[in-house]
Amino acid sequence: MIPYSLLDLAPVTEGGSPAQSFANSLELARHAEALGYRRFWLAEHHNMPGIASAATAVLIGHIAAGTSTIRVGAGGVMLPNAAPLQVAEQFGTLESLFPGRIDLGLGRAPGTDQATVRALRRYHASADAFPQDVVELLGYFEPARPGQAVQAVPGAGLKVPVWILGSSLFGAQLAAHLGLPYAFASHFAPAALDEAVALYRRDFRPSNYLQAPRAMLALNVVGAADSAEARRRFTTLQQSFVRLRRGESGLVPPPIDDIEAFWTPAEKAGVEAALACSVVGDAAEVAEGIADFVARHRPDELILTGNLYDQAARLESFAMAARACAALP
């Protein structure tokens, strides 16, 4: 069976609040743990009213404290926004509190707009130093050497699995060069999926971290009792993507009955391309869609996501997806 994991964006819905979002995320994580999901990851975004996971390490601690066995991590931390030492200290603290359960995924995008990058006291140009920052961060998790001037306390000597996240060939090349696991953001940027995974597997160098390549691929899944309702629920995600392209980031909207009246033909084409890796439908369609995705792309692990408006719908959808994943050969 292919391991299956869950990516949560801690959605803040219209009429909701971050406090409710955090309660929903914890409920979802407990639900995922009971359903056999391997990991529960949260993503760093800033200045986005509909996503409450900006303080990613803090929220990971909340989720890990409220669960028992599921791995909890970042999918990911946007490394240009922070000093590698700070990230090592944060995740060293988490690993010390929840040993053997913490993951650290690293991305090089800022996860926000340029004004917010400046407010974070970092600069997007620091993304050019991403490979060096990753190497520096990995070094802080190594056992401290005698006389070492700067140490991560806690962090030094702890085994925190580090993943490289990506949606292009850059991340694939870096993960392969460093011998690290690789997670591809096919849930919103699938264009380079096949090429990036092929490059990663071809060029992978075994390391002290990993002996063979491990690629985790992301997939949107929206399931419901009938396919019409699933397609209706999916309009929440479609609307959110359209609004981002219009520069109208806001709270997560409720589903609508007629998505065709909402977007222009150009917007529809762009969103459908971005969300091409999506499975939407009833239980049979979800099972078939996941199986087809696995057969085509051969992931070593799946990470499923579905940024829906209604919490009960999210719980139902991820339960349906878990049953489909558990039935895979």
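Residues numbered from 1 in each chain as written. Predicted model: local features only at pLDDT ≥ 70, side-chain atom pairs only at ≥ 80, totals over all residues. Heavy atoms only, no water.

**Considering the overall build of the protein**
Working step 1: When its secondary structure is counted, the protein shows 11 helices and 9 strands.
Working step 2: Compactness check: the protein gives a C-alpha radius of gyration of 19 Å against a globular reference of 20 Å for 329 residues, within 12% of the reference.
Working step 3: Based on the C-alpha atoms only, the size of the protein along its principal axes is roughly 65 × 45 × 35 Å.
Working step 4: Put simply, of all contacts in the protein between residues at least 6 apart along the chain, 73% involve residues at least 24 apart.
Working step 5: As displayed, the protein has an accessible area near 13900 Å², and 55% of this comes from carbon and sulfur atoms.
Working step 6: Seen as two clouds, the 26 positive and the 32 negative side-chain charges of the protein have centres 5 Å apart. (Helix = DSSP H or I, 4+ residues; strand = E, 2+ residues; numbered from the N terminus. Rg over C-alpha atoms; globule rule 2.2 N^0.38 Å. Contact = heavy atoms within 4.5 Å. Areas by Shrake-Rupley, 256 points an atom, 1.4 Å probe, with all protein chains shown as cover. Lys, Arg positive; Asp, Glu negative; His and termini not counted. Charge placed at Lys NZ, Arg CZ, Asp CG, Glu CD.)

**A closer look at the pairing of strand E3 (residues 71–78)**
Working step 1: E3 sits mainly inside the fold: 8 of its 8 residues count as buried.
Working step 2: After leaving strand E2 (residues 39–42), the chain enters helix H2 (residues 56–65) and then returns to the sheet as E3, a path that is right-handed.
Working step 3: One ladder, built from 5 bridges, connects E3 with strand E4 (residues 102–107); its direction is parallel. Within E4, the position partnered with Ala74 by the bridge is Leu104. (Buried < 20%, exposed > 50% of the residue type's maximum accessible area, 1.4 Å probe, protein only. Right-handed = clockwise from strand over helix to strand, strands pointing away. Pairing = 2+ DSSP bridges.)

**Some points on the nonpolar core**
Working step 1: In this structure, Tyr37, Phe91, Leu104, Val134 and Ile290 are the most contacted members of the largest nonpolar core, which totals 78 residues.
Working step 2: In this structure Ile290 touches Leu219, Val221, Val279, Leu302, Ala321, Ala324, Cys325 and Leu328, once residues within four positions along its chain are discounted.
Working step 3: Of all hydrophobic cores here, the second largest spans 13 residues; its members include Val242, Ile259, Val271 and Leu308. (Core = buried A, V, L, I, M, F, W, Y, C linked by side-chain atoms within 4.5 Å.)

**Points about the environment of Leu210**
Working step 1: Positionally, Leu210 belongs in the loop between helix H7 (193–203) and strand E7 (215–223).
Working step 2: Separated by 56 residues in sequence, Leu210 and Ala266 place their C-alpha atoms 43 Å apart.
Working step 3: Leaving out residues up to four positions away in the same chain, Leu210 has contacts with Gly179, Leu180, Pro181, Tyr200 and Phe204.

**Some thoughts on helix H8 (residues 227–245)**
Working step 1: The terminal C-alpha atoms of H8 lie 27 Å apart, and with 19 residues this matches the ideal 27 Å at 1.5 Å per residue to within 8%.
Working step 2: Looking at H8, one finds that the buried residues are Ser227, Ala230, Arg233, Phe234, Thr235, Thr236, Leu237, Gln238, Gln239, Ser240, Phe241 and Val242.
Working step 3: On its buried face, H8 sits against E7, helix H9 (265–274), strand E8 (278–281), helix H10 (283–297) and helix H11 (311–326).
Working step 4: Capping the start of H8, Asp226 holds a side-chain oxygen 3.1 Å from the backbone nitrogen of Ala228, two or three residues further along. (Expected span 1.5 Å × (residues − 1). Polar contact = N/O pair within 3.5 Å; in protein donor to acceptor, adjacent residues only side chain to side chain.)

**Re helix H6 (residues 169–178)**
It helps to recall that an α-helix has 3.6 residues per turn; residues three or four apart then point in one direction.
Working step 1: Inspection of H6 places Gly171, Ala172, Leu174, Ala175, Ala176 and Leu178 among the buried residues, and these make up the whole buried set.
Working step 2: Following H6 by one or two positions, Gly179 adopts a phi angle in the positive range, close to 70°.

**Structural notes on the side chain of His46**
Working step 1: Relative to the helices and strands, His46 resides in the loop between E2 and H2.
Working step 2: According to the relative accessible area criterion, His46 is buried, its value standing at 13%.
Working step 3: Separated by 2.6 Å, the side chains of His46 and Glu44 make a polar contact.

**Brief notes about the pattern of salt bridges**
Working step 1: As enumerated under the stated definition, the model contains 15 salt bridges in all.
Working step 2: Notably, a salt bridge pairs Arg233 with Glu316, separated by 2.9 Å at the nearest N-O pair. Of this pair, Arg233 sits in helix H8 while Glu316 sits in helix H11, and the two are 83 residues apart along the sequence.
Working step 3: Look at Arg233 and you get buried, because its relative accessible area is 15%.
Working step 4: With a closest N to O distance of 3.3 Å, Glu260 and Lys268 form a salt bridge. (Salt bridge = Lys/Arg side-chain N within 4 Å of Asp/Glu carboxyl O.)

**Section: the packing of aromatic side chains**
Working step 1: The full count for this structure, using the stated rule, is 6 aromatic pairs.
Working step 2: Between the aromatic rings of Trp41 and Trp163, the centroid separation amounts to 5.5 Å while the plane-to-plane angle is 80°, which identifies the pairing as edge-to-face. Here the residue Trp41 occupies a position in strand E2, and Trp163 occupies one in strand E5 (residues 162–166), the gap between them amounting to 122 residues.
Working step 3: Look at Trp163 and you get buried, because its relative accessible area is 2%.
Working step 4: For the ring pair Tyr182 and Phe184, a centre distance of 6.3 Å and an interplane angle of 70° mean the geometry is edge-to-face.
Working step 5: The class of Phe184 is buried, set by a relative accessible area of 2%.
Working step 6: Counting every residue linked through ring pairs, the aromatic cluster contains Tyr182, Phe184, Tyr200 and Phe204. (Phe/Tyr/Trp six-rings, centres within 6.5 Å; stacked < 30°, edge-to-face > 60°.)

**Digging into the side chain of Thr235**
Working step 1: Structurally, Thr235 can be placed in helix H8.
Working step 2: One polar contact links the side chain of Thr235 to the main-chain amide nitrogen of Ile256, over a distance of 2.9 Å.
Working step 3: With residues near it in sequence (within four places) discarded, Thr235 still touches Pro255, Ile256 and Ile259.

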